[in-house]
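# Coordinate inspection notes
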There are 2 protein chains.
Amino acid sequence: MKYCNQCGAELVIEIPPADNRPRHVCTRCRTVHYQNPRIVAGCIPVWQGGILLCKRSIEPRAGLWTLPAGFMELGETTVQTAARETLEEAHARVEIVELYTVINLPHINQVYMMYRSRLLDLDFSPGDESEAVALFAPREIPWGHLAFPTIRHTLDFFVEDQRASTFRLRTGTIVKEGQAYCFRIDPGQPA
Amino acid sequence: MKYCNQCGAELVIEIPPADNRPRHVCTRCRTVHYQNPRIVAGCIPVWQGGILLCKRSIEPRAGLWTLPAGFMELGETTVQTAARETLEEAHARVEIVELYTVINLPHINQVYMMYRSRLLDLDFSPGDESEAVALFAPREIPWGHLAFPTIRHTLDFFVEDQRASTFRLRTGTIVKEGQAYCFRIDPGQPA
């Protein structure tokens, strides 16, 4: 960020009055340009115990499998984002069941919110960002070919809860430690 | 948004290739400037059944009472935001218990995430954005002088669950209908 999107003048990084951290501030009109994390919302679409996954056709992680999910847009609710992404990436219609995972990714300024959902019919097919869409029984999930740590942890929790027939909200943070991604469970939840 | 923050050239609104909605796009360097909703995270700090509220000293809603909450910053987790805002607005230290409300506000592009928390001691005082901080027994909550609908609904749910001694995640959307704000409960939750 180098220029003011309001007046076009150059920006400097400084702590504005009554603030406590450095921001991008316009040298001419003094507008403060805040930056904030973004929400990624998506679904775990289920049909008779099977889970709908999409094989990505675009970078990052082209060729790997993921749950339908994407950035929340202005004017949407998180539930609407989750359903829209499922329609766009898998041409699939779902009924949202409930919020299932809230996963912080502070190293890339994202918060994932994944919803359990019921797939309404079997009329699905690859959207623009997918090269394949398929239902996987829990034992068939391609664990070695998943696109993102958030998706792996969400599926891991889901399969565990599905086996126990009791679903509960899972919240935590994915922390990058060297080359590995570890899930740190938030306070207040059973390990 | 009128100018590119990367190169300073003028922006136009158009649908970029492989996208499906209008974005601000730079006429020179073609950078697409996405806009996304922001997360507000905060706490319901509790001490022996009493709830810590802050009387706002700044606009919007100066003079009205609120729970400590604020915009999530880059590099933070939602739990860290909630605890930091409580420290900044009420000079209060908390232990986070669990995520309690997730409230979408699509008309202002915000998502509130409020955490139940235990106040660790009685050493609290007004921060820069507060003119007073005080503990309120449930029956003493100043319902007619609360700053935001998100706070009113969160406190309403909290007092109801506190009475029943059973807390459960509440998720939904605040919809502006005329001059009133209605809470629409998300799918999958008891009414």
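Throughout this document, residue positions are counted from 1 along each chain, in the order its sequence is written. Labels are handed out in written order, letters beginning with A for the chains and numbers beginning with 1 for the ligands. Only residues with pLDDT of at least 70 get local features here, since the model is predicted, and only at 80 or more are side-chain atom pairs given and counted; chain-wide, interface and lining totals rely on the full set of residues.

So, on to the overall build of chain A. In terms of regular secondary structure, chain A is built from 2 helices and 12 strands. For chain A, the N- to C-terminal ordering of α and β elements is β-β-β-β-β-β-β-α-β-β-β-α-β-β. A buried classification covers 39% of the 191 residues belonging to chain A. Each residue gets a C-beta atom placed from its backbone, and two residues are in contact if those atoms lie within 7 Å. Counted over contacts in chain A with a minimum sequence separation of 6, partners at least 24 positions apart contribute 56%. Where helices and strands are cited, they refer to DSSP runs of H or I of at least four residues and of E of at least two residues respectively, numbered from the N terminus. Working definition of burial: number of other C-beta atoms within 10 Å of the residue's own, with buried at 20 or more, exposed at 12 or fewer, and partly exposed in between, all C-beta atoms being placed from the backbone.

Moving on, we get to the sheet that holds strand S1 (residues 11–14) of chain B. Remark on secondary structure: sheet strands pair via backbone hydrogen bonds, oriented parallel or antiparallel. Residues and elements named next belong to chain B. At least two DSSP bridges between two strands are required for those strands to pair. Spatial ordering of the open sheet is given by S1-S2-S3, a layout of 3 strands whose pairing is antiparallel. At either end of the open sheet lies a strand with only one pairing partner, and these are S1 and strand S3 (32–33). Of the pairings in the sheet, the one linking strand S2 (residues 23–26) to S3 comprises 2 bridges and is antiparallel in character. Counterpart to Val25 in the pairing with S3 is Val32.

Another point: the relation of the copies chain A and chain B. The relation between the two copies of this chain is a rotation about an axis and a shift parallel to it. For the pair chain A and chain B, the superposition axis carries a translation of 0.0 Å, the fit reaches an RMSD of 0.0 Å, and the rotation angle comes to 180 degrees. Taken together, the rotation and translation describe the operation of a two-fold axis. The overlap is high: 95% of the interface residues of chain A also sit at the interface in chain B, so the same surface is used on both sides. Superposing copies: least-squares fit, C-alpha atoms only, residues required to have pLDDT of at least 70 in both.

Bringing the interface of chain A and chain B into the picture now. Interfaces are frequently sized by the accessible area removed from exposure as the parts join. Across the boundary between the two partners, chain A contributes 40 residues, which contact 38 residues of chain B. Listed by contribution, the elements that provide at least two residues to the side of chain A that touches chain B are strand S4 (38–47), helix H1 (78–90), strand S8 (94–105) and strand S11 (170–177) of chain A. When residues of the side of chain A that touches chain B are assigned to their parent elements, the largest contribution, 7 residues, is made by S8(A). Throughout, the ten residues Ala, Val, Leu, Ile, Met, Phe, Trp, Tyr, Cys and Pro are labelled nonpolar, Asp, Glu, Lys and Arg are labelled charged, and all others, Gly among them, are labelled polar. When grouped by side-chain class, the residues that make up the side of chain A that touches chain B number 18 nonpolar, 14 polar and 8 charged.

Moving on, we get to the sheet that holds strand S3 (residues 32–33) of chain A. Residues and elements named next belong to chain A. The strand order S1-S2-S3 describes an open sheet built from 3 strands, whose pairing is antiparallel. Lying at the two open borders of the sheet, with one neighbouring strand each, are strand S1 (11–14) and S3. With 4 bridges joining them, S1 and strand S2 (residues 23–26) adopt antiparallel strand pairing. Within the sheet, the bridge partner assigned to Glu14 lies in S2 and is Arg23.

In this section: the domain arrangement of chain A. Looking at the assigned domains, one finds that chain A contains domain 1 (1–35) and domain 2 (38–185). For the purposes of this description, domain bounds are those given by an automatic or database domain assignment. One C-alpha centre belongs to domain 1 of chain A, the other to domain 2 of chain A, and the line joining them spans 36 Å.

Structurally, the α-helix is built with 3.6 residues per turn, so residues lying three or four positions apart point the same way. All names here are of chain B. Multiply 1.5 Å by the residue count of a helix minus one, and that product is the helix's expected span. Its 13 residues give helix H1 (residues 78–90) an end-to-end C-alpha distance of 18 Å, which sits within 8% of 18 Å, the value for a rise of 1.5 Å per residue. Listed in full, the buried residues belonging to H1 are Thr78, Val79, Thr81, Ala82, Ala83, Glu85, Thr86, Glu89 and Ala90. Backbone geometry just after H1 places His91 at a positive phi near 45 degrees.

Here the focus is the environment of Tyr34(B). With respect to the helices and strands, Tyr34(B) occurs in the loop between S3 and strand S4 (38–47). Each C-alpha atom, one on Tyr34(B) and one on Arg23(B), is 6.5 Å from the other, the two residues being 11 residues apart in sequence.

All names here are of chain A. Cis geometry marks the peptide bond from Glu59 to Pro60, where omega comes out at -5 degrees. Following the sequence through the fold, Pro60 ends up in the loop between strand S5 (50–56) and strand S6 (65–66). At Arg61, a position not held by glycine, the phi torsion is positive, near 70 degrees. Within the secondary structure layout, Arg61 lies in the loop between S5 and S6. Unlike most non-glycine residues, His91 shows phi in positive territory, near 45 degrees.

Moving on, we get to the environment of Ile151(A). Residues and elements named next belong to chain A. Tracing the backbone through its elements, the reader meets Ile151 in helix H2 (residues 149–164). With 86 residues separating them along the chain, Ile151 and Trp65 place their C-alpha atoms 8.9 Å apart. Ignoring sequence-local partners within four residues, the contact set of Ile151 consists of Thr66, Leu67 and Leu146.

Attention now moves to the environment of Gly50(B). Residue and element names in this part refer to chain B. With respect to the helices and strands, Gly50 occurs in strand S5 (residues 50–56). Each C-alpha atom of the pair Gly50 and Arg163 lies 12 Å from the other, and the pair is 113 residues apart in sequence. When near neighbours in sequence (up to four residues on either side) are disregarded, Gly50 contacts Leu135, Phe136 and Ala137.

The next thing to look at is the pairing of S5(A). Residue and element names in this part refer to chain A. Burial runs high along S5: 6 of the 7 residues are buried. When S4 meets S5, the two strands line up antiparallel, connected through 2 bridges. In the strand pairing of S5, Trp47 is matched with Gly50. Taking the residues that link successive antiparallel strands as the turn, the S4-S5 hairpin has 2 residues, and the phi of Gln48 there is positive, at about 45 degrees. In this structure, S5 lies alongside strand S10 (residues 130–136), joined through 6 bridges in antiparallel fashion. Bridge pairing in S10 links Lys55 to Ala132. The pairing of S5 with S6 spans 2 bridges and is classified as antiparallel. Its bridge partner being in S6, Lys55 is matched across the sheet by Trp65.

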